[in-house]
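# Structural characterization, general
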Amino acid sequence: MQFSKSTDYALHALVHLGNSNSLSNIGIKELSSSIGVSESYLSKIMSKLRQHGMVRAVPGVNGGYELARPAEQISFLDVVQVIEGNQQLFECSHANSRLHELLTHEGDAPLCQEHPEHHSICLIEKVMDGAEQHLYQYLKEHTIGSILDEAAKRCNHKGNKE
């Protein structure tokens, strides 16, 4: 599994907006330059983030983007789902095989044909779904704000050493 570059750029753009020391917004030119991506490509990403209420577009000559809500309220999971979509990461491809029947039945009999009500999720799919849930929980627990806090701690720690 690999997230797209769009997710990478979206996360970096949000961190850049959240880290902005100025009270003004940041233009697409500055944002794209700091991230190292074309303005047109980043504009498409920012449009998705705007449609989902993560950023606000400020019109005008001095316009640009700003966070639409506090950085602590924008989770990594929110961003991943906006950019990548809400697709299931794993789908069992052997639903009609004999092995799959073994993996979806509970009980002592090899195929439990006499107890079809004991059907449950495929054991392989159960493990993969569990991993997906752990990933989503981890991404949900981390926010743009938590990244900014960690970066600030690192800067303070480095400054204290000097």
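Data block above holds the structure.
So, here's what we can say about the structure.

Calculation notes
- Residues numbered from 1 in each chain as written.
- Predicted model: local features only at pLDDT ≥ 70, side-chain atom pairs only at ≥ 80, totals over all residues.
- Heavy atoms only, no water.
- Helix = DSSP H or I, 4+ residues; strand = E, 2+ residues; numbered from the N terminus.
- Buried < 20%, exposed > 50% of the residue type's maximum accessible area, 1.4 Å probe, protein only.
- Contact = heavy atoms within 4.5 Å.
- Areas by Shrake-Rupley, 256 points an atom, 1.4 Å probe, with all protein chains shown as cover.
- Axes fitted to C-alpha atoms, helices over the stretch in contact; angles between N-to-C directions.
- Parallel < 35°, antiparallel > 145°, perpendicular 65-115°, else oblique.
- Left-handed = near helix turned anticlockwise from the far one by under 90°.
- Nonpolar A, V, L, I, M, F, W, Y, C, P; charged D, E, K, R; others polar.
- Polar contact = N/O pair within 3.5 Å; in protein donor to acceptor, adjacent residues only side chain to side chain.
- Expected span 1.5 Å × (residues − 1).
- Arc of directions from axis to C-beta.

Take the overall build of the protein next. If you tally the helices and strands in the protein, you get seven helices and two strands. Reading the secondary structure of the protein in the N-to-C direction produces α-α-α-β-β-α-α-α-α. Taking all 162 residues of the protein together, the buried fraction comes to 31%. Put simply, of all contacts in the protein between residues at least 6 apart along the chain, 58% involve residues at least 24 apart. Here the protein has roughly 10800 Å² of accessible surface; of this, 52% comes from carbon and sulfur atoms.

Moving on: the packing of helix H1 (residues 5-19) against helix H4 (residues 76-84). It is the contact of H1 with H4, at a shortest axis distance of 9 Å, that shows an interaxial angle of 135°. Judged by the angle between their axes, H1 and H4 are oblique. The chirality of how H1 crosses H4 is right-handed. Between H1, through Ser6, Thr7, Ala10, Leu11 and Leu14, and H4, the contact on the second element is made entirely by Phe76, Val79, Val80, Ile83 and Glu84. Each residue belonging to the contact of H1 with H4 can be placed in one class, and the counts come to seven nonpolar, two polar and one charged.

With that settled, consider the side chain of Asn25. Position of Asn25 relative to the elements: it lies in the loop between H1 and helix H2 (28-35). From its side chain, Asn25 meets the backbone nitrogen of Gly64 in a polar contact 3.1 Å long. With residues up to four places along the chain from it excluded, the contact list for Asn25 reads Val58, Asn62, Gly63, Gly64, Tyr65 and Glu66.

The next thing to look at is the environment of Leu89. Structurally, Leu89 is set in the loop between H4 and helix H5 (98-104). Judged by its relative accessible area of 39%, Leu89 falls in the partly exposed class. Remark: the alpha-carbon pair of Leu89 and Met128, spanning 39 residues in sequence, is separated by 8.3 Å.

Helix length check: helix H6 (residues 123-141), at 19 residues, gives a terminal C-alpha distance of 27 Å against a target of 27 Å (1.5 Å per residue), a fit within 8%. Where H6 is concerned, the buried positions are Glu125, Asp129, Glu132, Tyr136 and Leu139. Along the axis of H6, the buried residues cluster in a sector spanning 85°; they form a single face. Among the exposed residues of H6, those oriented more than 90 degrees off its buried face are Lys126, Val127, His134 and Tyr138.

What follows concerns the environment of Ile35. Residue position: Ile35 is located in helix H2. Note on Ile35: relative accessible area 18%, which makes it buried. Not counting residues up to four positions away in its chain, the partners in contact with Ile35 are Tyr9, His12, Ala13 and Leu42.

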